Amino acid sequence: MRIALDVMGGDHAPEEVLAGAKEALASSGALELMLVGDLEAVLQYWPEAKSEQRIEIVHCDEVIGMDEHPAMAYRKKKNASITVASRLVRDGEAQGVVSAGSTGAQMVAALFEIGRMEGVNRPAIASCIPTLKGPKVMLDIGANTDSMPENLRQFSWLGKIYCSVALGIPEPKVYLLSNGVEAEKGDELVQKTYSLLMEEEGLNFCGSVEGRDLFSGEADVVVTDGFSGNIALKTMEGTAEALFTMMREAFMSDARSKLGAALLKPALKQVKSRLDYEEVGGAPLLGVRGLSVVCHGSSKAKAVRTALLKAGEWIDSGLLAKLGEHKF
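Attention in this report is confined to the structure presented alongside it.

Rules used throughout
Residues take numbers from 1 onward in each chain, read along the sequence in its written order. At least 70 in pLDDT is required for a residue's local features to be given in this predicted model, at least 80 for side-chain atom pairs to be given and counted, and no such filter applies to totals for whole chains, interfaces and linings, which use all residues. As a rule here, side-chain values cover all heavy atoms of the structure and leave hydrogens and water aside. Salt bridge criterion: a side-chain nitrogen from Lys or Arg within 4 Å of a carboxyl oxygen from Asp or Glu. Going along the chain from the N terminus, every DSSP run of H or I of four or more residues is numbered as a helix, and every run of E of two or more is numbered as a strand. Remark: exposure states derive from per-residue accessible area (1.4 Å probe, protein chains only) relative to the maximum for the residue type, with buried under 20%, exposed over 50%, and partly exposed in between. Residues count as neighbours in contact if any of their non-hydrogen atoms are within 4.5 Å of one another. Strands qualify as paired when DSSP identifies two bridges or more between them. Orientation is described by axes fitted as lines to C-alpha atoms, over the contacting stretch for helices, and by angles from 0 to 180 degrees between their N-to-C directions.

One pass over the full model with this rule turns up 15 salt bridges. With its nearest N and O atoms 2.8 Å apart, the salt bridge here joins Lys136 to Asp220. Highlighted residues: Lys136 in strand S6 (residues 136–139) and Asp220 in the loop between strand S8 (205–210) and strand S9 (221–223), separated in sequence by 84 residues. The same class applies to Lys136 as to Asp220, namely buried. Close ionic contact of Lys192 with Glu188 constitutes a salt bridge, the shortest N to O distance being 2.8 Å. With Lys192 and Glu188 both in helix H7 (residues 188–198) and 4 residues apart, the pair spans about one turn of that helix. On the basis of relative accessibility, which here comes to 47%, the residue Lys192 falls in the partly exposed class. Through salt bridges that share partners, Arg87, Arg90, Asp91 and Glu113 make up one connected network.

In structure tokens:
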């Protein structure tokens, strides 16, 4: 499979992005990459890329920064790396795009270059979250800060199909994120969405789930708007990071604790791996006609490598075809 990689996107671009690309190529013989970005920057960190058979460098001299207004920057910078990478997907030269740059810019580029699936009003970013019962799906995690009940209805189907294909769960249980499990709980958006989902035949909607129960794994798919979803996801990431920092401080406090830490180290590494966002790599933007994978802005080589390999898996699984079969 051939994937367009936005080399210039992210806090650690292009060095860490290119390092991740190297690792991904070493891990998968079927992977081909189109490195989209400044040619000079690419060759500075990866001189051999120019002669690598499975690599094509697509030069472009513009980048949309994290602090720029996505829509305005898209209109002004037609040669921006994320725009060019998305255009390659539109034109069939690449089967997917991966970027750690501005999420807003990637959303705009996907909408205007790749286009939405028929019937989909707004795409949603779907992320796998760690739970006691293995990874589960939550969406939207940041594509849409303002949503309507109809948007969340569509997110529910997008999430269900993605969960069944990517995680192999035959009939995923769909829940709505709220501040209580009762039908009357939540704001106006949640209450209206709850009523809408109750009427959806075949969705397997099971009610509401509270934030404290996200880690339980009872919900296979958690549906919410992008504002609440992004806060929930980053709260989970921050909590995991703070927890391990506290544990590290406690383990280093005295000789006995250090001994205990040495004995527990293998188990702790296993737990940390389950909570590490770099193990997830990236999240697909569901609802557009091509694969667009959104990575964390602070992604380093490991996360980029994982995102590229995951993108390859989603391409092989026929995810887009299965999403396109549904009548939204």
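Let's shift gears to the side chain of Ser147. Here Ser147 lies in the loop between S6 and helix H6 (149–166). Setting aside anything within four residues of it in sequence, one finds Ser147 in contact with Arg122, Leu152, Phe155, Leu189, Asp225 and Gly226.

Attention now moves to the environment of Gly229. Mapped onto the elements, Gly229 comes out in helix H8 (residues 226–251). Judged by relative accessible area, which is 0%, Gly229 ranks as buried. For Gly229 and Leu139, which are 90 residues apart along the polypeptide, the C-alpha to C-alpha distance reads 6.6 Å.

Moving on to helix H4 (residues 81–90). Burial runs high along H4: 8 of the 10 residues are buried. Three or more residues of H4 are buried, namely Ser81, Ile82, Thr83, Val84, Ala85, Ser86, Leu88 and Val89. One or two residues past the end of H4 sits Gly92, with phi positive at roughly 80 degrees.

What follows concerns unusual backbone geometry. Cis geometry is found at the peptide bond from Ala13 to Pro14, where omega equals -5 degrees. The peptide bond linking Leu139 to Asp140 adopts the cis configuration, its omega dihedral lying at 0 degrees. Mapped onto the secondary structure, Asp140 falls in the loop between S6 and H6. Located in the positive-phi region is Asn204, a residue other than glycine, with phi close to 65 degrees. Note on placement: Asn204 falls in the loop between H7 and S8. Taking relative accessible area as the criterion, Asn204 reaches 27% and is therefore assigned partly exposed.

What follows is about the sheet that holds strand S3 (residues 55–59). Taken in spatial order, the 11 strands of this open sheet run S3-S2-S1-S4-S11-S10-S5-S6-S9-S7-S8, and their pairing is mixed. Lying at the two open borders of the sheet, with one neighbouring strand each, are S3 and S8. Sheet twist, expressed as the mean angle between neighbouring strand axes with direction ignored, is 25 degrees. Strand direction decides the pairing type here: strand S1 (residues 2–6) and strand S2 (residues 32–37), joined by 5 bridges, are parallel. The residue of S2 that forms the bridge with Arg2 is Glu32. Across the face of the sheet, helix H11 (residues 301–317) comes into contact with S1, S2, strand S4 (96–99), strand S10 (282–286) and strand S11 (291–295) while running at roughly 155 degrees to S11.

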